[in-house]
Amino acid sequence: MTSELIRQLLNDAFKPELLEIIDNSAAHAGHAGARSGGGHYHVTIVAEAFEGRSLVQRHQLIYNALGDMMKQQIHALGINALSPSEENKGRF
């Protein structure tokens, strides 16, 4: 299953404190990307690797970790990538 492969690759690459993956593919049935087999996913990930990095750099790290999956298996990917210090802001 694609979401499990995404989980494995991101866990291996980042050893995240938190990793949530939502598969929204069913909501996009009939969409051009869905017809070719590409799914729609949203990832929330909290990892030390994102500390001090820009939003673009964080997304690039994730795209690199997912590699060839971004070519066919993933049509759309929403990303919420945080460092541990950002994830803990506002918590008491």
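Above this text sits the structure in question.
An account of the accompanying structure is given in this report. All figures in this text were calculated on a predicted structure; none of them were measured in a lab. Numbers given to residues run from 1 along each chain, matching the order in which its sequence is written. Given that this is a predicted model, residues contribute local features only at a pLDDT of at least 70 and side-chain atom pairs are listed and counted only at 80 or more, while totals for whole chains, interfaces and linings are drawn from all residues. Based on all heavy atoms of the structure, the side-chain values leave hydrogens and waters out of the count.

## Points about the packing of helix 1 (residues 2–14) against helix 3 (residues 55–66)
The relative placement of two packed helices comes down to the angle between their axes together with the axis-to-axis distance. Two numbers describe how helix 1 lies on helix 3: the axes approach to 9 Å, and their chain directions differ by 120°. Viewed along their axes, helix 1 and helix 3 adopt a mutual orientation that is oblique. When you trace helix 1 past helix 3, the crossing you get is right-handed. Within the contact between the two elements, helix 1 uses Ile-6, Leu-9, Leu-10, Ala-13 and Phe-14 and helix 3 uses Leu-61, Ile-62, Ala-65 and Leu-66. Residues of the contact of helix 1 with helix 3, tallied by class, amount to nine nonpolar, no polar and no charged. What counts as an axis is a line fitted to C-alpha atoms, over the stretch in contact for a helix, and the angles between N-to-C directions run from 0 to 180 degrees. Note on conventions: DSSP H or I runs of at least 4 residues are helices, E runs of at least 2 residues are strands, and numbering of each starts at the N terminus. Oblique is the label for every angle not falling under 35 degrees (roughly parallel), over 145 degrees (roughly antiparallel), or within 65 to 115 degrees (roughly perpendicular). Crossing handedness is read from the near helix: turned anticlockwise from the far helix by less than a right angle, it gives a left-handed crossing, and turned clockwise, a right-handed one. The contact definition used throughout considers only heavy atoms, calling two residues in contact when any of these lie within 4.5 Å. Amino acids outside the nonpolar list (Ala, Val, Leu, Ile, Met, Phe, Trp, Tyr, Cys, Pro) and the charged list (Asp, Glu, Lys, Arg) are all regarded as polar, and Gly is one of them.

## Quick notes on the sheet that holds strand 3 (residues 74–82)
Across the sheet, which stays open at both edges, the three strands sit in the order 1-2-3 with mixed pairing between neighbours. Single-partner strands in this sheet number two, and they are strand 1 (18–23) and strand 3. Ignoring strand direction, the axes of neighbouring strands in this sheet form an average angle of 15°. A pair of strands is labelled paired if DSSP reports no fewer than 2 bridges between them. Note that strand 1 and strand 2 (residues 39–46) share six bridges and pair antiparallel. By the bridge assignment, Asp-23 is partnered in strand 2 with Tyr-41. On the sheet, helix 3 packs against strand 2 and strand 3 and is oriented at approximately 130° with respect to strand 3.

On their own, these measurements won't tell you what the molecule is for.
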